[in-house]
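Coordinate analysis (summary)
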Amino acid sequence: MAGEDRSKGAPAGASGIARPPRSRLDQPKAPRRRLLPEFDPEAFGRLSERIARFLGTWRFIVWMTLFIITWLVWNVSAPAAWRFDGFPFIFLTLMLSLQASYAAPLILLAQNRQADRDRVTYEQDRKQNERSIADTEYLTREIASLRMGLGEVATRDWIRSELEDLARDLHDRQALYPAESDEDR
């Protein structure tokens, strides 16, 4: 067939040069091999929050104090051959600096995640407040329209006062024209 390269089986273009196979848009791409391992950022964030929560407890302070006291007592009172960190305690200082250098970014990461959660909560609260204000304004308008409508409706007290006025008028008429009322009977 003209226009096809029989050796590769791929259709050739107008120039007769074989084209690379096209990827299909209706199918997902095949996964590529990656050099670096993939990790779940949420899992790392959760771990950092757990560590930050632990670093902010009295239990951590007590354990760290006991560790440092044990370190100091061992390196001061143990036989010279068993001591591994002399008086200026350089190795202890290095370990504490290393711990602080890892703790600070983990704490900041945990604070950032908490700030993100607070921002989402604030946004949800703001939207809920807007809905509450809109509902309150709607109900206020409805109550105002009901009050205006009730101003035109006969209430029990208004009917009672009208009947009392009519009864008073009838009583006054009977007092003025007693003969008419006896004839009507």
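Residues numbered from 1 in each chain as written. Predicted model: local features only at pLDDT ≥ 70, side-chain atom pairs only at ≥ 80, totals over all residues. Heavy atoms only, no water.

1. Quick word on the overall build of the protein chain
- Assigned secondary structure in the protein chain consists of five helices and zero strands.
- In the protein chain, the succession of helices and strands from N to C terminus is α-α-α-α-α.
- Looking at the protein chain residue by residue over its 185 residues, the buried ones come to 9%.
- By sequence separation, contacts in the protein chain at least 24 residues apart represent 44% of the contacts at least 6 residues apart. (Helix = DSSP H or I, 4+ residues; strand = E, 2+ residues; numbered from the N terminus. Buried < 20%, exposed > 50% of the residue type's maximum accessible area, 1.4 Å probe, protein only. Contact = heavy atoms within 4.5 Å.)

2. Quick word on the confidence of the model for the protein chain
- Residue-level pLDDT values for the protein chain average 85, and 88% of them are 70 or greater.
- Mean pLDDT across the elements of the protein chain bottoms out in helix α5 (residues 178–183) (60) and peaks in helix α2 (residues 58–77) (94).
- Every residue in residues 1–6 scores below 50 in pLDDT, and together they form nine contacts with partners more than four places removed in sequence or on other chains. (pLDDT = per-residue confidence, 0-100.)

3. Considering the pattern of salt bridges
- Applying the stated criterion to the full structure yields ten salt bridges.
- The salt bridge involving Glu 49 is made with Arg 53; its shortest N-O contact spans 3.9 Å. Of this pair, Glu 49 and Arg 53 both sit in helix α1 (residues 41–55), four residues apart, roughly one helical turn.
- When its relative accessible area of 8% is taken as the criterion, Glu 49 is described as buried.
- On the basis of relative accessibility, which here comes to 55%, the residue Arg 53 falls in the exposed class.
- For Glu 49, the salt bridge identified is with Arg 117, shortest N-O distance 2.9 Å. Taken together, the positions of Glu 49 in helix α1 and Arg 117 in helix α3 (residues 90–151) put the pair 68 residues apart, joining distant regions of the chain.
- Counted as one network, the salt bridges with shared partners bring together Glu 42, Glu 49, Arg 53, Arg 113 and Arg 117. (Salt bridge = Lys/Arg side-chain N within 4 Å of Asp/Glu carboxyl O.)

4. A short note on the side chain of Asp 85
- For Asp 85, the position within the fold is in the loop between α2 and α3.
- Buried within the structure, Asp 85 lacks any salt-bridge partner; its nearest side chain of opposite charge belongs to Arg 83, at an N-O separation of 11 Å.
- Looking at Asp 85, its side chain comes within polar contact range of the main-chain nitrogen of Phe 91, at 3.2 Å.
- Once residues within four sequence positions are removed from consideration, Asp 85 is found in contact with Trp 71, Asn 75, Ile 90, Phe 91 and Leu 92. (Lys, Arg positive; Asp, Glu negative; His and termini not counted. Polar contact = N/O pair within 3.5 Å; in protein donor to acceptor, adjacent residues only side chain to side chain.)

5. As for the packing of α2 against α3
- Orientation of α2 relative to α3, taken along the N-to-C sense of each, is 160°, at an axis distance of 11 Å. With respect to α3, the axis of α2 lies roughly antiparallel. Relative to α3, α2 is oriented so that their crossing is right-handed. Contacts between α2 and α3 involve Phe 60, Met 64, Phe 67, Ile 68, Trp 71 and Leu 72 from the first element and Phe 91, Leu 92, Met 95, Leu 96 and Gln 99 from the second.
- Split by residue class, the contact of α2 with α3 holds ten nonpolar, one polar and no charged. (Axes fitted to C-alpha atoms, helices over the stretch in contact; angles between N-to-C directions. Parallel < 35°, antiparallel > 145°, perpendicular 65-115°, else oblique. Left-handed = near helix turned anticlockwise from the far one by under 90°. Nonpolar A, V, L, I, M, F, W, Y, C, P; charged D, E, K, R; others polar.)

6. Details of α3
- In this model α3 runs 89 Å from its N-terminal to its C-terminal C-alpha over 62 residues, within 8% of the 92 Å that 1.5 Å per residue would give.
- Among all positions of α3, only Leu 92, Ala 103, Leu 106, Ala 110 and Arg 113 are buried. (Expected span 1.5 Å × (residues − 1).)

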